[in-house]
Amino acid sequence: MGIASQDAIKLLSALVAEVDESLKATFQNIHQGYPTETLVRFLKAREWSIPNAHKMLMDCLNWRIQNRIDEILAKPIIPADLNRGIRDSQLVGLSGYTKDGHPVFAIGVGLSTYDKASVNHYVQSHIQMNEYRDLVILPASTKKCGRHVATCVKVLDMTGLKLSALCQIKLLTIISTIDDLNYPEKTETYYIVNAPCIFSACWKVVKPLLQERTRRKVRILQGCGRDELLKIMDYASLPHFCKREGSGSSQHSSSGSDNCFSFDHHFHQQLYSFIKQQALRRELAAPLKQGCFHVDVPEPDPKGVNIVKTAIESQLHKIGDRNGLSRSLSGLKINIA
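Residues numbered from 1 in each chain as written. Predicted model: local features only at pLDDT ≥ 70, side-chain atom pairs only at ≥ 80, totals over all residues. Heavy atoms only, no water.

When helices and strands are counted, the protein chain shows 13 helices and five strands. For the protein chain, buried positions account for 46% of its 337 residues. Of all intrachain contacts in the protein chain linking residues separated by at least 6 positions in sequence, the fraction that spans at least 24 positions is 74%. Here the protein chain displays about 17000 Å² of accessible surface, and carbon together with sulfur accounts for 53% of that area. (Helix = DSSP H or I, 4+ residues; strand = E, 2+ residues; numbered from the N terminus. Buried < 20%, exposed > 50% of the residue type's maximum accessible area, 1.4 Å probe, protein only. Contact = heavy atoms within 4.5 Å. Areas by Shrake-Rupley, 256 points an atom, 1.4 Å probe, with all protein chains shown as cover.)

Predicted coordinates in areas of low pLDDT are best not read in detail. Model confidence for the protein chain is summarised by a mean pLDDT of 85, while 79% of its residues fall at 70 or above. Residue range residues 325-337 is modelled with pLDDT below 50. Its contacts to residues more than four positions away, or to other chains, number 24 contacts. (pLDDT = per-residue confidence, 0-100.)

A separate point is the packing of aromatic side chains. Scanning the entire structure with this criterion turns up seven aromatic pairs. Relative to Phe 267, the ring of Phe 105 has its centre 6.1 Å away and its plane inclined at 80°; by these criteria the two rings are edge-to-face. Of this pair, Phe 105 sits in strand S2 (residues 103-108) while Phe 267 sits in helix H11 (residues 266-281), and the two are 162 residues apart along the sequence. Each member of the pair, Phe 105 as well as Phe 267, is classed as buried. (Phe/Tyr/Trp six-rings, centres within 6.5 Å; stacked < 30°, edge-to-face > 60°.)

Our focus in this paragraph is the sheet that holds strand S3 (residues 152-157). A sheet is described by the order of its strands in space; here five strands give the open sequence S1-S2-S3-S4-S5, paired in mixed fashion. Only two strands of the sheet have a single partner each, and these edge strands are strand S1 (92-97) and strand S5 (218-220). When strand polarity is set aside, the average angle formed by the axes of neighbouring strands in this sheet is 25°. Across five bridges, S1 lies against S2 in antiparallel orientation. Bridging across to S2, Leu 94 finds its partner in Phe 105. (Pairing = 2+ DSSP bridges. Axes fitted to C-alpha atoms, helices over the stretch in contact; angles between N-to-C directions.)

On to the nonpolar core, then. In this structure, Trp 63, Ile 69, Val 123, Ile 127, Ile 178 and Phe 267 are the most contacted members of the largest nonpolar core, which totals 27 residues. Mapped onto this core, the elements with two or more residues apiece are helix H5 (80-89), S1, helix H6 (119-145), helix H7 (169-182) and H11. Tallying contributions element by element places H6 first for this core, with six residues. Not counting chain neighbours up to four residues away, the residues in contact with Trp 63 comprise Ile 69, Ile 127, Ile 178, Asn 182, Tyr 183, Val 295 and Asp 296. Residues Leu 12, Phe 42, Ala 53 and Leu 57 belong to the second largest nonpolar core, which totals 20 residues. (Core = buried A, V, L, I, M, F, W, Y, C linked by side-chain atoms within 4.5 Å.)

Next up on the list: the packing of helix H2 (residues 21-31) against helix H4 (residues 50-66). When two helices pack together, their arrangement is given by the angle between their axes and by how far apart the axes lie. Interhelical geometry of H2 versus H4 gives an angle of 95° and a closest axis separation of 9 Å. Classified by the angle their axes make, H2 and H4 are roughly perpendicular. Residues Ser 22, Leu 23, Thr 26, Phe 27, Asn 29 and Ile 30 of H2 form the contact with H4, whose participating residues are Leu 57, Met 58, Cys 60, Leu 61, Asn 62, Arg 64 and Ile 65. Of the residues contributing to the contact of H2 with H4, the split by class is eight nonpolar, four polar and one charged. (Parallel < 35°, antiparallel > 145°, perpendicular 65-115°, else oblique. Nonpolar A, V, L, I, M, F, W, Y, C, P; charged D, E, K, R; others polar.)

Let us now look at the packing of helix H1 (residues 3-16) against helix H3 (residues 35-45). In contact at an axis separation of 10 Å, H1 and H3 are set at 105° when each is read in the N-to-C sense. Looking at the two axes, H1 sits roughly perpendicular to H3. In this structure, H1 uses Ala 8, Ile 9, Leu 12, Ser 13 and Val 16 to contact H3, whose residues at the interface are Thr 36, Leu 39, Val 40 and Leu 43. Considered class by class, the residues forming the contact of H1 with H3 number seven nonpolar, two polar and no charged.

Below, the structure is given as structure tokens:
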């Protein structure tokens, strides 16, 4: 790290030291004993611009306070059947760890339907997983490895990716915005596997819109990616959809103990038990009440959204022209509003 970078960290640290106690408290929950490394994450996310990184961090801290994010792990999604429905339609889970201790999160992009709960419940579930990762999973990995582990690896399964997935673009934009603004630089590498033909057209649209440092993190692997992934993790840590060609990410393709998407998988059971215990300790559930944790999300830049919308529609119609589907796609419009 150069002198300029060290100076930037010192200046940003001095600015953070001046904030009020409530902001300091939530910052402590973020950094978990590693304040300098946390400041570096925000500086990287804003190309080492001190004013921009400071604004980003202050916005993040205020967002956490206004939405009581520090309490979200004490807000269970109940009843359990609702949580199970979310897990069946928002396919994500912890499959294991890389050889150097980074958690491996599997995401079933192509087969996630997001049709079993409200948008607020899906957002709540996503934030809870982020917080559990940062407050429990990463500190445990840090302790086990004897060094600071601050990032994870994500394996994105594109099995079953269809045009209908674009119907969920608003929810996915909300989740992406939350991560970009409040959990920057938490992913080491994005591995894309089981990519169907349609993925190429989508990637042509998305790739130019990504920042260079994000593009450098994306790796598109051949088939299920097993051989490449085994270079960085053991077989036991492979997501179930990477263990054999054509296995896919269907929640029905393997047993609950092996399928990290399943509500019965030990990761989700541990997460759900942790949340219920935290709720009882805070005496927020006696008895537990149904309902969801509403989180305010900044609206994405309308100009950027329209660019994405137009680009996706353009690529879809190109696909239609090449495959004789132009008539069936002629009326297709992407609703992002």
